Amino acid sequence: MPANDLEWNELLNVARKQLVLPLVVDGLEGLPENLRPSVKVVMGIAEEIERTEVDNHVINALSMKIKHYFEKKGLHPIIQKGAVIAAYYPIPTHRQTGDIDIFLKADEWRKGCDFIWNEYYVGDEHGLRISYAKMSSDDSLCFVLDGRTVELHNRFYDSRYEFLALDKHGPEAHIAMMSAPALKHCLGSGIRMKQLCD
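Residues numbered from 1 in each chain as written. Predicted model: local features only at pLDDT ≥ 70, side-chain atom pairs only at ≥ 80, totals over all residues. Heavy atoms only, no water.

A. Examining the overall build of the protein chain more closely. Scanning the protein chain from terminus to terminus reveals 7 helices and 5 strands. For the protein chain, buried positions account for 41% of its 198 residues. Within the protein chain, contacts between residues at least 6 apart in sequence are counted, and of these 61% link residues at least 24 apart. Surface summary for the protein chain: the accessible area is close to 11500 Å², and the carbon and sulfur share equals 58%. (Helix = DSSP H or I, 4+ residues; strand = E, 2+ residues; numbered from the N terminus. Buried < 20%, exposed > 50% of the residue type's maximum accessible area, 1.4 Å probe, protein only. Contact = heavy atoms within 4.5 Å. Areas by Shrake-Rupley, 256 points an atom, 1.4 Å probe, with all protein chains shown as cover.)

B. Up close: the nonpolar core. Judged by nonpolar contacts, the single largest core of 22 residues is most densely connected at Phe70, Ile102, Ile116, Phe143, Leu145 and Leu152. Mapped by element, the contributors of at least two residues to this core are helix H3 (39-72), strand E2 (100-103), helix H5 (106-121), strand E3 (130-135), strand E4 (141-145) and strand E5 (148-153). Here the element with the most residues in this core is H3; it accounts for 5 residues. Apart from residues no more than four positions distant in its own chain, Ile102 is found in contact with Ile66, Phe70, Pro77, Ile78, Ile79, Gln80, Val150, Glu151, Leu152 and His153. By size, the runner-up hydrophobic cluster in this structure holds 10 residues, among which are Leu12, Leu21, Val41 and Ile49. (Core = buried A, V, L, I, M, F, W, Y, C linked by side-chain atoms within 4.5 Å.)

C. Quick look at the environment of Val24. Relative to the helices and strands, Val24 is located in helix H2 (residues 21-28). Taking relative accessible area as the criterion, Val24 reaches 26% and is therefore assigned partly exposed. Separated by 13 residues in the primary sequence, Val24 and Leu11 have C-alpha atoms spaced 9.3 Å apart. What Val24 contacts, discounting residues up to four positions off in sequence, is Leu12 and Ala15.

D. The arrangement of the environment of Ser38 in detail. Mapped onto the fold, Ser38 is located in the loop between H2 and H3. Spatially, the C-alpha atoms of Ser38 and Asn4 are 8.2 Å apart, while their sequence positions differ by 34 residues. At 2.9 Å, the side chain of Ser38 and the side chain of Asp5 are in polar contact. (Polar contact = N/O pair within 3.5 Å; in protein donor to acceptor, adjacent residues only side chain to side chain.)

E. Structural view of the pairing of E4. In terms of burial, E4 is a largely internal element, 5 of the 5 residues being buried. Across the two faces of E4 the burial is the same, with Leu141, Phe143 and Leu145 and Cys142 and Val144 all buried. Where E3 meets E4, 5 bridges bridge the pair, whose relative direction is antiparallel. Paired with Met135 across the two strands is Leu141, which belongs to E4. Where E3 hands over to E4, the hairpin turn is made up of 5 residues, of which Asp139 adopts a positive phi near 65 degrees. Where E4 meets E5, 5 bridges bridge the pair, whose relative direction is antiparallel. Bridge pairing links Leu145 to Arg148 in E5. (Pairing = 2+ DSSP bridges.)

Now the structure itself:
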């Protein structure tokens, strides 16, 4: 028996809270026509899906802006976590975004932090417009750029133990990189479907 609009809206609200609404909507296409939600229900969430897609483009553009900023300063940043993991999704722009994570090797990280602090306190019209910066408890520098939170990390695997000798651009490294944050979510605020999908 097909679900009614109320039941579909309840399911979609759970997907929204779990940060997987676009993924659930993508999966609806696999259902037989008679089991799919009504056009009214689908149209009600179309704007949210579009916002997620736009948000992905904004995050990707900001990630590249930060990457190029550091490269111009002679550093070698690696974009991490969400922006990288999204590429493994069937529709990458349907992964709901979070913050931007950038990795710099330990010997470059301090320089990167100094550049960010200088942009925050002094700034210039051609640099980054940073509205907030602070050190976090995990030794990352967190700052806000164009309304988005950015974390500058000096540990690739979000762990005090950089024991894995993996190519930092390969899929195995991406899996390892996402394991520690998933554990932190599990032990802290709780794990969502988004972390499981990642």
